[in-house]
Amino acid sequence: MSKFRVLIVGGGAREHALTLLVSKSRLEPRIFVVSSNINPGILRLCKSSGGKYLRGKPTNPEDVLKAAKEISPDLIIIGPEEPLFSRVTDVLRNDGFVVFGPSSRTSLIEKDKGFARNLMWKYKIPGRLRYKTFTDPEEAAEYAKASGDSVVKPARQAGGRGVRVFGETAEHLSRIAREAAATYTKRLAEMIMRKYKDIESSIIVEERVEGVEYTLMTVTDGNTLISLPVVEDHPHLYPWDLGPETGGMGSISGPSFVLPFITEEEFKESTKIVKMTIKSLLNELKEKYVGAISGQMMLTSFWGPTLIEYYARFGDPEIGNLLFMIKSDFLELLDSAARGKLSSYKLEINDNIYVVNKAIAPEGYPLEREKAKGHPISVNEGEIRKLGCEILYGGVNLVDGELLTTGSRALEIVCSSEKGFEDASALAEKAINYVSTYDGYRLIHRWDIGAHSHIKIRLRKARLARLAYTRRRAKGLLMVYDWIPGKGLVFFDYSSSKSLSS
Ligand SMILES: Nc1ncnc2c1ncn2[C@@H]1O[C@H](COP(=O)(O)OP(=O)(O)O)[C@@H](O)[C@H]1O
Ligand SMILES: [Mg+2]
């Protein structure tokens, strides 16, 4: 049996994907996991690799340190973002462990959206949006009301909750939209301040942009940065991007590193943005970023590749797509990054494959999680595997032999095809028929992920954005202005390193 021991922190679908990717390594690692729920997929992989599943709170540094001391792993991989914020990485490194995951300070790039935006302006990183942060709810509300066409967000990463886009440009409705933005901003600020005590500003109001969204996941040791294939997430609950925002109802990727609506050039530019961010972080904090850093991007008419937010981790569901895309040794990739030796790693991917990942959630998610909780799930894994698909368990818990929903996305089904997205999507639809609940409770998923009609819309949107941004570039336009009621004409100069000048 292999001597290499790896400890994975976290027990969701992302960590299940990580476990699967790592289990294929030629190092044949023994896999250990520390998590508060029991994820049946991870549990099986732990057992078959000769490892162990430990119960503990991933966000509690003492729990994780205790597990690490018991196991003496060669590498520790941190899955979710909250353990980074609560100093789990710092505590482990202090004790001499080799960890894949950024420190609490460098993970501010995700935790604090104001910090990330400020860094981008200070170091003039392309793809930056105009923004303003607030500590005072009244002031934030007043600003949101005045700016109108804007996005109101919690300044702290709040697990994908709280962001609201206010984009009413029709004159007769704009007053109502502005009032709504102000009311919402105040409510959100109070909620955020009540829930999170570890961040200074509570609200960020930023410029609203339009375009197609995609995620660029990368791995870095602080010097070298390796980009993984681009993936498109689908955050809305219902088909055609309707309904409330969720943690992601599925994702598509391929062929190769790009998507049909993202060009090779745009992929390279997006990589450059993340690279510049890593460098700027080093400059700003005098600390190397080690781990995964993902850019949640949008192709917009102003910048082309534009940053919406950073993740200090792999995206979920995005990482599921990698199961079929990565050819080289994923454990070695993470291990090389953690040891500062990424420059000698060669990433190989499957060039000619289309991957579709669909999440299945109990009805009620994400707005009525209590209702969505506690339903026993049945998964016919054998039939799903016969279709060549993978199963990733997420928001479930194994209790007395029964698999119960936790109220979040319960599992993901990942399928691939060399023929195209339609084919991979159809496979996923077939596979989803083998998932049900014993109590008859309804499960939902998005049939449209990977559908041709859906990709056509993305292609059209991307083409329009591309036309505009390439033209803007050709003319060298880096100045925009807005008319803000009560403030008058406000100029924004992108060659400056400050977000707001009036
Ligand atoms: N500046 C923006 N302009 C337009 N849409 C935005 C903007 N910022 C965020 N959004 C939309 O809101 C979603 C959630 O915002 P994001 O910053 O990613 O927060 P989180 O994922 O933490 O909830 C994005 O996926 C995007 O669709
Ligand atoms: Mg997001």
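Just so you know, these numbers come straight off a predicted model, no measurement behind them.

1. Brief notes about the domain arrangement of the protein chain
Line of reasoning, step 1. Annotation of the protein chain at the domain level lists domain 1 (5-100), domain 2 (130-208) and domain 3 (213-444).
Line of reasoning, step 2. In this structure, domain 1 and domain 3 have C-alpha centres spaced 19 Å apart.
Line of reasoning, step 3. With 30 residues of domain 1 at the interface, the matching set in domain 3 holds 32 residues.
Line of reasoning, step 4. When residues of the side of domain 1 that touches domain 3 are traced back to their parent elements, those giving at least two are helix 1 (13-23), helix 2 (40-48), strand 4 (75-78) and strand 5 (99-100).
Line of reasoning, step 5. With 8 residues, the top contributor of residues to the side of domain 1 that touches domain 3 is helix 1.
Line of reasoning, step 6. Within the side of domain 1 that touches domain 3, the residues separate by chemical class into 19 nonpolar, 7 polar and 4 charged.

2. A few points about the nonpolar core
Nonpolar side chains in soluble globular proteins generally cluster together in the buried interior.
Line of reasoning, step 1. Of all hydrophobic cores here, the largest spans 137 residues; its most connected members are Ile76, Ile77, Leu334, Leu411 and Ile413.
Line of reasoning, step 2. Contacts of Leu411, omitting those with residues within four sequence positions, involve Ala13, Ile360, Val379, Ile391, Leu392, Tyr393, Gly394, Val396 and Val435.

3. Examining the site of ligand 1
Line of reasoning, step 1. Taken together, 17 residues sit near ligand 1, with Val151, Gly160, Val163, Arg208 and Glu309 positioned nearest.
Line of reasoning, step 2. The set of elements that each furnish at least two residues to the shell around ligand 1 consists of strand 7 (150-154), strand 9 (203-207) and strand 17 (304-311).
Line of reasoning, step 3. Residue classes in the shell around ligand 1 are distributed as 7 nonpolar, 3 polar and 7 charged.

4. What to know about the packing of helix 1 against helix 2
For any two helices packed against each other, the geometry comes down to the angle between their axes and how far apart the axes lie.
Line of reasoning, step 1. Direction vectors running N to C along helix 1 and helix 2 enclose 25 degrees, while the axes themselves pass 9 Å from each other. On the basis of their axis angle, the class for helix 1 and helix 2 is roughly parallel. Judged by the sense of rotation from one axis to the other, the crossing of helix 1 with helix 2 is left-handed. Two secondary-structure elements touch here, helix 1 through Glu15, His16, Thr19, Leu20 and Ser23 and helix 2 through Gly41, Ile42 and Leu45.
Line of reasoning, step 2. Looking at side-chain class alone, the contact of helix 1 with helix 2 contains 3 nonpolar, 4 polar and 1 charged residues.

Reading the values: the criteria
- Residues numbered from 1 in each chain as written.
- Chains lettered and ligands numbered in written order.
- Predicted model: local features only at pLDDT ≥ 70, side-chain atom pairs only at ≥ 80, totals over all residues.
- Domains from an automatic or database assignment.
- Contact = placed C-beta atoms within 7 Å.
- Helix = DSSP H or I, 4+ residues; strand = E, 2+ residues; numbered from the N terminus.
- Nonpolar A, V, L, I, M, F, W, Y, C, P; charged D, E, K, R; others polar.
- Core = buried A, V, L, I, M, F, W, Y, C linked by C-beta atoms within 7 Å.
- Buried ≥ 20, exposed ≤ 12 C-beta atoms within 10 Å, placed from the backbone.
- Near = placed C-beta within 6 Å.
- Axes fitted to C-alpha atoms, helices over the stretch in contact; angles between N-to-C directions.
- Parallel < 35°, antiparallel > 145°, perpendicular 65-115°, else oblique.
- Left-handed = near helix turned anticlockwise from the far one by under 90°.

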